[in-house]
Amino acid sequence: MKMPCWYYEKKDLRNTPSVKEGIDFDTERRYRKEGARFIMECGTAMGLGHNTMATGIVYFHRFYMFHSFRTFPRYVTACCCLLLAGKVEETPKKVKDIIKTAKGLLSEQKFLSFGDDPKEEVMTLERILLQTIKFDLQVDHPYGFLVKYAKCFKGDSTKLQKMVQMAWNFVNDSLSTTVCLQWEPEIIAVALIHLASKLSKFTVTDWTGKQPNHLRWWDMFVADVTMEILEDICHQVLDLYQQANNNAPTPDSPPQLPPSKASPPMKRAHLASPATKPEPTLVTPVKMGDDKLDSGAPIPKIISTDNLHYPYSAPYPPMYSHPPPYGSTAPPLPGAIPSASSTYPPSLFQQSSSAVPQHYTPSALPLGHPPAHASTYYQGPPGRQPYYPPPT
């Protein structure tokens, strides 16, 4: 069975089954954000790790590239994705516990979408979810790449840990967008480290394994990543904060029928792939100017992160961010910044005894190119060049 491509062009994201059934693009984005936030809230209440919650959110986003929000209520789907993610990440939770937690978080009106037998609804939808994602269960996330890259940075340990924490929060918030449907986790990690370094005023000028041909620090991890790509990812994440600062009331959704009573019935749900990908379009270059942003002004689509004023004071309270457990902190960077690791309870994070690698090259980096099964599971959209050094 051929695995689907999980990376889409922006035109595909505006031509989803939900859009075809009359849901406008902004409303669909809100539904995706609400579903992702609900998975985070539900998972945090149940003590699940950030990888489990992130995997469930990626399943959620992929599911609605094949199905409509009109047919499958987002909160039922979110519980189903969290159930499956718990099994995949070896942190399983019982269906009744997930439903009990969801009932405590949702209003009575929203919980109506679970029907008369919530357990049956979630378990039945799990089979549809598995068919939709073609049993492609393994998902990589930017968290591991973020910590790995940061271990190679040199500089003030306090400022570095502050930057890593900010980037970690950005990764949390990026799950409420569709960047996981557009770019590989390595690229997302690079972009959000870049954004955090600009906002925290920590410029990476030296790193372990630096070579003369490395113009920027990420050149030794990913190849040919343009600044336009990084800026686009940053804009999509920053848009979340613009929406969070918008005081306009958000219209609530009418109660939806349970999936088993929706039309078409769940057992006859259409599992066809999205429309064929169009030819890639040229990306308008982002000009890095001298724009200065006021913290209360709306964030424009094209900005300069060189002089961006971060509107949230340290230690970066989660106005929108839904951080992982363990006190909303990123893991320490053992070896790279030993002084910062003392700020974390040792019982929560296992300290590595291995030294930071002294030399990285694209050819020797095991995560610098697609895994052996990439030809089957990890294809990029037509026209996109792979952003990894070629395997040797």
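What counts and what doesn't
- Per chain, residue numbering runs from 1 following the sequence as it is written.
- In keeping with the predicted nature of the model, local features appear solely for residues at pLDDT of at least 70, side-chain atom pairs appear and are counted solely at 80 or more, and the whole-chain, interface and lining totals rest on all residues.
- The side-chain values count all of the structure's non-hydrogen atoms but skip hydrogen atoms and water molecules.
- Residues enter patches when they are more than 30% accessible in relative terms and free of salt bridges; like-charged ones are connected within 9 Å and nonpolar ones (Val, Leu, Ile, Met, Phe, Trp, Tyr) within 5 Å.
- Method for areas: the Shrake-Rupley scheme with a 1.4 Å probe, in which residue coverage is limited to the protein chains shown.
- Definition used for salt bridges: Asp or Glu carboxyl oxygen within 4 Å of a side-chain nitrogen of Lys or Arg.
- Positive: Lys, Arg. Negative: Asp, Glu. His and the chain ends are not part of the count.
- Here the site of a charge means atom NZ of a Lys, CZ of an Arg, CG of an Asp or CD of a Glu.
- A run of H or I in DSSP counts as a helix once it spans at least four residues, and a run of E counts as a strand once it spans at least two, with each numbered from the N terminus.
- We call a residue buried when its accessible area falls under 20% of the maximum for its residue type, exposed when it is over 50%, and partly exposed in between, using a 1.4 Å probe and counting protein chains only.
- Here an angle of 0 to 180 degrees is reported between the N-to-C directions of two axes, which are lines fitted to C-alpha atoms, with helices fitted over the stretch in contact.
- Comment on the angle field: the value is read as roughly parallel under 35 degrees, roughly antiparallel over 145, roughly perpendicular from 65 to 115, and oblique elsewhere.
- When the near helix sits turned anticlockwise from the far one by under a right angle, the crossing is termed left-handed; a clockwise turn instead gives a right-handed crossing.
- Whether two residues are in contact is decided by their heavy atoms: any pair within 4.5 Å suffices.

Draft legend 1. Highlighting a positive patch on the surface. Where like charges cluster on the molecular surface, the positive patch consists of Lys94, Lys96, Lys100 and Lys119. On the secondary structure map, lysine 94 appears in the loop between α5 (74–88) and α6 (95–105). Note on lysine 94: relative accessible area 53%, which makes it exposed.

Draft legend 2. Looking closely at the pattern of salt bridges. Evaluation of the coordinates by the stated rule reveals six salt bridges. For arginine 32, the salt bridge is made with glutamate 28, and the minimal N-O distance between the two is 3.3 Å. Here arginine 32 pairs with glutamate 28, and both are found in helix α3 (residues 25–45), just four residues apart, close to one helical turn. Summarising the burial analysis for this pair, arginine 32 and glutamate 28 share the class buried. Between arginine 74 and glutamate 34 there is a salt bridge, with the nearest N and O atoms lying 2.9 Å from each other. Here arginine 74, found in helix α5, pairs with glutamate 34, found in helix α3; they are 40 residues apart in sequence, far enough to count as distant. The same class applies to arginine 74 and to glutamate 34, which are both buried. If you follow the salt bridges from partner to partner, you end up with Arg30, Glu34 and Arg74 in one network.

Draft legend 3. The packing of helix α4 (residues 50–63) against α5, seen in detail. Running from amino to carboxyl end, α4 crosses α5 at an angle of 130 degrees, the nearest separation of the two axes being 8 Å. Taken together, the axes of α4 and α5 are oblique relative to one another. For α4 against α5, the interelement crossing comes out right-handed. Of α5, the residues touching α4 (which contributes Thr52, Thr55, Gly56, Tyr59, Phe60 and Phe63) are Arg74, Thr77, Ala78, Cys81, Leu84, Ala85, Gly86 and Val88.

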